[in-house]
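Chain and residue survey
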Amino acid sequence: MPTKKRKIAAPVAKVWAVLADFPAIATWAPQVDHSTATTEAHGGIGAVRRVQVGRIALLETVVDWRPSSLLSYTVEGLPPIAGSIVTTWQLADIDGSTKTTVTTTVASRPNPVSRIVGRALSRQLGRAAKQMLGGLAARVEAATVEEAAK
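Counting of residues starts from 1 at the beginning of each chain's written sequence and follows it residue by residue. Given that this is a predicted model, residues contribute local features only at a pLDDT of at least 70 and side-chain atom pairs are listed and counted only at 80 or more, while totals for whole chains, interfaces and linings are drawn from all residues. Water and hydrogen atoms were dropped before computing side-chain values, which therefore reflect all heavy atoms in the structure.

Once that is clear, we can look at the pattern of salt bridges. Whenever a carboxyl oxygen of Asp or Glu lies within 4 Å of a side-chain nitrogen of Lys or Arg, that contact is scored as a salt bridge. In total, this model carries 2 salt bridges according to the counting rule given. As a salt-bridge pair, arginine 49 and glutamate 60 come within 2.6 Å of each other at their nearest N and O atoms. Taken together, the residues span a long stretch of sequence, with arginine 49 in strand 3 (residues 48-53) and glutamate 60 in strand 4 (residues 56-66) at a distance of 11 residues. Summarising the burial analysis for this pair, arginine 49 and glutamate 60 share the class buried. A run of H or I in DSSP counts as a helix once it spans at least four residues, and a run of E counts as a strand once it spans at least two, with each numbered from the N terminus. Burial status follows relative accessibility: with a 1.4 Å probe on protein chains alone, a residue under 20% of its type maximum counts as buried, one over 50% as exposed, and anything between as partly exposed.

Right under this line is the structure:
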(Lines give C-alpha, C1' and ligand atoms only; values in the text may rest on other atoms or scores of the structure.)
Protein backbone atom coordinates (compact mmCIF):
# COMPACT_ATOMS: atom_id res chain seq x y z
CA MET A 1 0.00 0.00 0.00
CA PRO A 2 2.14 2.88 -1.24
CA THR A 3 1.49 6.26 0.37
CA LYS A 4 3.01 9.44 -1.02
CA LYS A 5 2.81 12.88 0.60
CA ARG A 6 3.54 16.40 -0.54
CA LYS A 7 3.00 19.88 0.81
CA ILE A 8 1.39 22.06 -1.86
CA ALA A 9 1.83 25.82 -1.52
CA ALA A 10 -1.84 26.65 -1.95
CA PRO A 11 -4.95 26.56 0.23
CA VAL A 12 -6.99 23.37 0.51
CA ALA A 13 -9.87 24.91 -1.47
CA LYS A 14 -7.63 25.40 -4.52
CA VAL A 15 -6.22 21.87 -4.37
CA TRP A 16 -9.71 20.44 -3.89
CA ALA A 17 -11.03 22.42 -6.89
CA VAL A 18 -8.57 20.62 -9.16
CA LEU A 19 -9.22 17.17 -7.66
CA ALA A 20 -12.99 17.74 -7.68
CA ASP A 21 -12.93 18.33 -11.44
CA PHE A 22 -12.81 14.55 -11.58
CA PRO A 23 -12.89 14.02 -15.37
CA ALA A 24 -10.05 16.54 -15.96
CA ILE A 25 -7.16 14.51 -14.50
CA ALA A 26 -5.42 14.59 -17.90
CA THR A 27 -4.90 18.34 -17.46
CA TRP A 28 -2.51 17.84 -14.55
CA ALA A 29 -1.39 14.18 -14.22
CA PRO A 30 1.61 13.81 -16.54
CA GLN A 31 1.13 10.10 -17.23
CA VAL A 32 -2.53 10.46 -18.27
CA ASP A 33 -2.92 10.91 -22.03
CA HIS A 34 -6.68 11.48 -22.02
CA SER A 35 -9.57 11.49 -19.56
CA THR A 36 -13.30 11.99 -19.81
CA ALA A 37 -16.46 11.56 -17.75
CA THR A 38 -18.54 8.49 -18.50
CA THR A 39 -21.41 9.48 -16.22
CA GLU A 40 -23.60 12.55 -16.14
CA ALA A 41 -22.23 13.41 -12.70
CA HIS A 42 -18.70 14.81 -12.91
CA GLY A 43 -18.12 14.59 -9.17
CA GLY A 44 -19.46 12.96 -6.05
CA ILE A 45 -20.00 9.31 -5.17
CA GLY A 46 -20.76 7.27 -8.27
CA ALA A 47 -19.02 9.59 -10.76
CA VAL A 48 -16.94 7.63 -13.28
CA ARG A 49 -14.12 8.75 -15.54
CA ARG A 50 -12.29 6.91 -18.29
CA VAL A 51 -8.53 7.41 -18.15
CA GLN A 52 -6.12 6.56 -20.95
CA VAL A 53 -2.54 5.83 -19.86
CA GLY A 54 -0.56 4.75 -22.89
CA ARG A 55 -2.38 1.73 -24.31
CA ILE A 56 -4.25 1.05 -21.06
CA ALA A 57 -7.81 2.30 -20.57
CA LEU A 58 -9.03 2.48 -16.97
CA LEU A 59 -12.39 3.23 -15.40
CA GLU A 60 -12.22 5.07 -12.08
CA THR A 61 -15.36 5.24 -9.94
CA VAL A 62 -15.71 7.56 -6.94
CA VAL A 63 -16.54 5.61 -3.76
CA ASP A 64 -15.94 8.33 -1.16
CA TRP A 65 -16.26 12.10 -1.62
CA ARG A 66 -15.76 14.52 1.25
CA PRO A 67 -15.36 18.03 -0.15
CA SER A 68 -12.05 19.67 0.73
CA SER A 69 -10.77 16.63 2.60
CA LEU A 70 -11.03 13.23 0.86
CA LEU A 71 -11.54 11.66 -2.57
CA SER A 72 -11.43 7.90 -3.02
CA TYR A 73 -12.01 5.88 -6.18
CA THR A 74 -11.73 2.33 -7.47
CA VAL A 75 -9.58 1.58 -10.50
CA GLU A 76 -10.76 -1.00 -13.04
CA GLY A 77 -9.26 -2.13 -16.32
CA LEU A 78 -6.13 -3.97 -15.29
CA PRO A 79 -5.97 -7.76 -15.62
CA PRO A 80 -8.05 -9.53 -12.92
CA ILE A 81 -4.91 -11.13 -11.46
CA ALA A 82 -3.97 -7.64 -10.20
CA GLY A 83 -6.88 -7.75 -7.72
CA SER A 84 -8.85 -4.68 -6.68
CA ILE A 85 -7.33 -1.19 -6.52
CA VAL A 86 -8.48 1.88 -4.59
CA THR A 87 -6.78 5.28 -4.69
CA THR A 88 -7.45 7.77 -1.89
CA TRP A 89 -6.51 11.45 -1.79
CA GLN A 90 -6.52 13.25 1.57
CA LEU A 91 -6.09 17.00 2.08
CA ALA A 92 -5.23 18.84 5.29
CA ASP A 93 -4.56 22.52 5.93
CA ILE A 94 -1.08 23.42 7.19
CA ASP A 95 -0.86 27.17 7.74
CA GLY A 96 -2.46 28.05 4.41
CA SER A 97 -0.71 25.28 2.47
CA THR A 98 -2.10 21.82 1.83
CA LYS A 99 -0.67 18.55 3.07
CA THR A 100 -1.68 16.20 0.26
CA THR A 101 -1.53 12.44 0.74
CA VAL A 102 -2.29 9.85 -1.90
CA THR A 103 -2.58 6.18 -0.96
CA THR A 104 -3.11 3.33 -3.38
CA THR A 105 -4.36 0.06 -1.96
CA VAL A 106 -3.96 -3.11 -4.00
CA ALA A 107 -5.96 -6.06 -2.63
CA SER A 108 -4.41 -9.06 -4.34
CA ARG A 109 -6.17 -12.36 -4.73
CA PRO A 110 -5.06 -15.05 -2.26
CA ASN A 111 -2.69 -16.98 -4.51
CA PRO A 112 1.08 -16.68 -4.88
CA VAL A 113 1.11 -15.35 -8.45
CA SER A 114 -1.50 -12.71 -7.65
CA ARG A 115 0.47 -11.59 -4.59
CA ILE A 116 3.63 -11.20 -6.70
CA VAL A 117 1.72 -9.23 -9.32
CA GLY A 118 0.12 -7.14 -6.56
CA ARG A 119 3.50 -6.22 -5.05
CA ALA A 120 4.91 -5.24 -8.45
CA LEU A 121 1.79 -3.24 -9.23
CA SER A 122 1.99 -1.49 -5.84
CA ARG A 123 5.51 -0.31 -6.65
CA GLN A 124 4.43 0.95 -10.07
CA LEU A 125 1.36 2.69 -8.63
CA GLY A 126 3.56 4.31 -5.97
CA ARG A 127 5.69 5.86 -8.73
CA ALA A 128 2.52 6.98 -10.53
CA ALA A 129 1.22 8.58 -7.30
CA LYS A 130 4.44 10.55 -6.95
CA GLN A 131 4.06 11.81 -10.53
CA MET A 132 0.43 12.74 -9.91
CA LEU A 133 1.37 14.68 -6.77
CA GLY A 134 4.00 16.56 -8.75
CA GLY A 135 1.54 17.37 -11.53
CA LEU A 136 -1.15 18.45 -9.06
CA ALA A 137 1.30 20.69 -7.21
CA ALA A 138 2.55 22.26 -10.44
CA ARG A 139 -0.99 22.95 -11.65
CA VAL A 140 -2.27 24.41 -8.37
CA GLU A 141 0.86 26.39 -7.48
CA ALA A 142 1.10 27.90 -10.99
CA ALA A 143 -2.52 29.06 -10.78
CA THR A 144 -1.88 30.51 -7.31
CA VAL A 145 1.15 32.47 -8.59
CA GLU A 146 -0.85 33.77 -11.58
CA GLU A 147 -3.64 34.96 -9.29
CA ALA A 148 -1.16 36.69 -6.97
CA ALA A 149 0.41 38.51 -9.94
CA LYS A 150 -2.93 40.02 -11.00
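All right, on to the sheet that holds strand 1 (residues 3-8) then. Ordered in space as 1-7-6-5-4-3-2, the 7 strands form an open sheet in which the pairing is antiparallel. The open sheet is flanked by strand 1 and strand 2 (34-37), the only strands paired with a single partner. Sheet twist, expressed as the average angle between the axes of neighbouring strands with direction ignored, equals 20 degrees. Examined bridge by bridge, strand 5 (residues 70-76) and strand 6 (residues 84-94) share 6 bridges and lie antiparallel to one another. Residue pairing in the sheet places leucine 71 in a bridge with tryptophan 89 of strand 6. Contacts are assigned to residue pairs with any non-hydrogen atoms lying within 4.5 Å of each other. Here, axes are lines fitted to C-alpha atoms. For helices the fit covers the stretch in contact, and angles between N-to-C directions go from 0 to 180 degrees. Packed on one face of the sheet, helix 1 (residues 12-20) meets strand 1, strand 4, strand 5, strand 6 and strand 7 (97-107) and runs near 155 degrees to strand 6. Note: two strands are recorded as paired if DSSP finds a minimum of 2 bridges between them.

Throughout this description, the term nonpolar core refers to a set of buried Ala, Val, Leu, Ile, Met, Phe, Trp, Tyr and Cys residues connected via side-chain atoms within 4.5 Å. In this structure, Val15, Leu19, Trp28, Leu71, Trp89 and Leu136 are the most contacted members of the largest nonpolar core, which totals 33 residues. Residue assignment for this core shows that the elements contributing at least two residues are helix 1, strand 4, strand 5, strand 6, strand 7 and helix 2 (112-149). A per-element tally of this core places helix 2 first, with 7 residues. Once residues lying within four places of it in the same chain are set aside, the contact partners of tryptophan 89 are Leu19, Trp28, Ser69, Leu70, Leu71, Tyr73, Thr100, Thr101, Val102, Met132, Leu133 and Leu136.

Those residues of helix 1 that fall on the buried side of the exposure criterion are Val12, Val15, Trp16, Val18 and Leu19. Here the buried residues of helix 1 occupy an arc of 160 degrees about the axis, which is enough to place them on one side. It is the directions from the helix axis to the C-beta atoms that the arc portrays.

This part is about the side chain of threonine 87. Residue placement: threonine 87 occurs in strand 6. In this structure threonine 87 comes out as buried when scored by relative accessible area, which is 5%. Excluding its chain neighbours within four sequence positions, the residues that come into contact with threonine 87 are Leu71, Ser72, Tyr73, Val75, Val102, Thr103 and Thr104.

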